[in-house]
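Okay, here's what each chain looks like letter by letter:
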Amino acid sequence: MILIRKGTIHNGLGQVLKQTDLLIDHGQIIRIGKDLTAKEATVIEAEGKCVMPGFIDPMSSWGTSAGRGQKADNEENSDPLTPQLDSMDAFDPQSMMYQQLWEYGITAAAVLPGDKNILGGTGSVWKSWGRDPKTMCVAEKAVMRGSAKAAVKKTYGSRNVAPMTRMGLFSALRQMVAQCESKEEKEARDPKVLAMKPVLAGELPLLMSCDKAMDVRNVERALGEHPVRLIVADCYELEGLPSGLQHGLILGDLTDGFNERNLQLDYGQLFERIRQGQPVALSAFGDNSSPGREILLWNAHGLLRQARRLKAGIDAEQVLQMMTSIPARLLQVSDRIGALREGMDADVVIWSDHPLMTFDAHPEAVIISGERVKGGEAR
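What follows is about the overall build of the protein chain. Of regular secondary structure, the protein chain possesses eleven helices and 16 strands. Relative to its length of 379 residues, the protein chain is compact, with a C-alpha radius of gyration of 21 Å against a globular reference of 21 Å. Taken along its principal axes, the extent of the C-alpha atoms in the protein chain is 65 × 45 × 40 Å. Across the 379 residues of the protein chain, 58% fall into the buried class. Looking at the protein chain alone, contacts between residues at least 24 apart form 68% of all its contacts between residues at least 6 apart. When the accessible area of the protein chain is evaluated, it comes to approximately 16,600 Å², of which 48% is carbon and sulfur surface. Computed over 44 positive and 49 negative side-chain charges, the separation of the two mean positions in the protein chain equals 2 Å.

Right, dumping it as structure tokens:
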């Protein structure tokens, strides 16, 4: 049992609770309130410090690297349509632990297939620390990963096989949807169809990486009238992007100065979408596959800087939600992680100051699944 006392709680849902206590037991947050007591608890004094939920990266490939010069284990590029694949098979939790993501406040991440297949397989959600894979895994099947990026055409076009063009790419996606709609018994037993049907039924979100707004429109057209829960990733061309606020939007590495597409991002339009309620999340991953673990935090600082420049009315608590509760909601794990609420997993980071307001802030204590991973002067 751990009692965090008199901290300023930023709960990841937009609320700030000053001089408030948080009580943890059996891996969960069991009480939040003033002047809590628990005789058997280890006490961590947090007065003057920021107590926050751990950050969540909703679009990563942490822990899937192969040996030097080898193909990454989350990129099976022998077939552009592989929805039956599972990122669980590629993930090495020891590799993820070695990265020590929690040193930068990241306590969970979605581990996904790569972006070179039209449909690449399912992604899973993992804690960044744990005693064994079973306790680290938050969700085995959180999202289906797909891509309509130029990387798909480049991968297969270099072999002179389809898809080499946008026409070929979206034709293949429509063909996959048609297979799922077929009444033929043979089609119904196809592993690809079995994997894709939950997506078309709206049970499993579809995270599609797209270069342009036209690609998003073509994805929607290919999916037809199915109630797909679409999450659009890596698309910085907001002009012409479908305005449906039900769609999630994930922004990748905005700090990459070599990514020309970042320059397309109209921050004014982005902030207007956020004000209207579109769920927008931040990720460290973009076109480059090996970001530093600090990129997620740098993205947040850059976004706040742009918001101040444009006087957009977007504050640090809203950006914090883009790193915590919003990615948890998009990945369907908001019942466990992404916010500091009673009954949630105890993934808590105690910062020396507000990490989105100053670069001088650092995590003094990190608690994941109720266990102290780092620091926290206790008594």
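Now that the structure has been shown, we can carry on.
What follows concerns the nonpolar core. Counting 104 residues, the largest nonpolar core has Leu-270 and Val-319 as its most contacted members. Filtering out sequence-adjacent residues up to four positions away, Val-319 remains in contact with Leu-282, Ala-300, Leu-303, Leu-304, Ile-314 and Leu-356. Ranked by size, the runner-up nonpolar core spans 15 residues in total, among them Ile-24, Ala-46, Val-51 and Ala-365.

This brings us to the packing of aromatic side chains. On inspection of all chains with the given rule, the structure shows four aromatic pairs. Summarising the aromatic geometry, the rings of Tyr-267 and Phe-271 are spaced 6.0 Å apart at their centres and angled 35 degrees between planes, so their arrangement reads as tilted. Taken together, the positions of Tyr-267 and Phe-271, both in helix H8 (residues 267-276) and four residues apart, correspond to about one turn of that helix. Given the relative accessible area of 15%, Tyr-267 is considered buried. Residue Phe-271 is classed as buried on the basis of its relative accessible area, which comes to 1%.

This part covers the pairing of strand S11 (residues 230-233). Burial of S11 is two-sided: the residues Leu-230 and Val-232 facing one way and the residues Ile-231 and Ala-233 facing the other way are all buried. Both strand S10 (residues 206-209) and S11 contribute to a ladder of four bridges, which runs parallel. Within the sheet, the bridge partner assigned to Met-208 lies in S11 and is Val-232. With helix H7 (residues 213-223) bridging S10 and the parallel S11, this β-α-β connection has right-handed handedness. Across three bridges, the pairing between S11 and strand S12 (residues 248-251) is parallel. Paired with Ala-233 across the bridge in S12 is Ile-250.

In this section: unusual backbone geometry. Cis rather than trans, the peptide bond between Ala-162 and Pro-163 has omega equal to 5 degrees. With respect to the secondary-structure elements, Pro-163 resides in the loop between helix H3 (150-157) and helix H4 (166-181). Despite not being glycine, Gln-19 shows a phi value in the positive range, around 45 degrees. Among the secondary structure elements, Gln-19 is positioned in strand S2 (residues 16-25). Even without a glycine there, the phi angle at His-26 is positive, about 50 degrees. Structurally, the position occupied by His-26 is in the loop between S2 and strand S3 (28-33).

Definitions and limits used
Residues numbered from 1 in each chain as written. Predicted model: local features only at pLDDT ≥ 70, side-chain atom pairs only at ≥ 80, totals over all residues. Heavy atoms only, no water. Helix = DSSP H or I, 4+ residues; strand = E, 2+ residues; numbered from the N terminus. Rg over C-alpha atoms; globule rule 2.2 N^0.38 Å. Buried < 20%, exposed > 50% of the residue type's maximum accessible area, 1.4 Å probe, protein only. Contact = heavy atoms within 4.5 Å. Areas by Shrake-Rupley, 256 points an atom, 1.4 Å probe, with all protein chains shown as cover. Lys, Arg positive; Asp, Glu negative; His and termini not counted. Charge placed at Lys NZ, Arg CZ, Asp CG, Glu CD. Core = buried A, V, L, I, M, F, W, Y, C linked by side-chain atoms within 4.5 Å. Phe/Tyr/Trp six-rings, centres within 6.5 Å; stacked < 30°, edge-to-face > 60°. Pairing = 2+ DSSP bridges. Right-handed = clockwise from strand over helix to strand, strands pointing away.

Read these as spatial facts, not as claims about activity.
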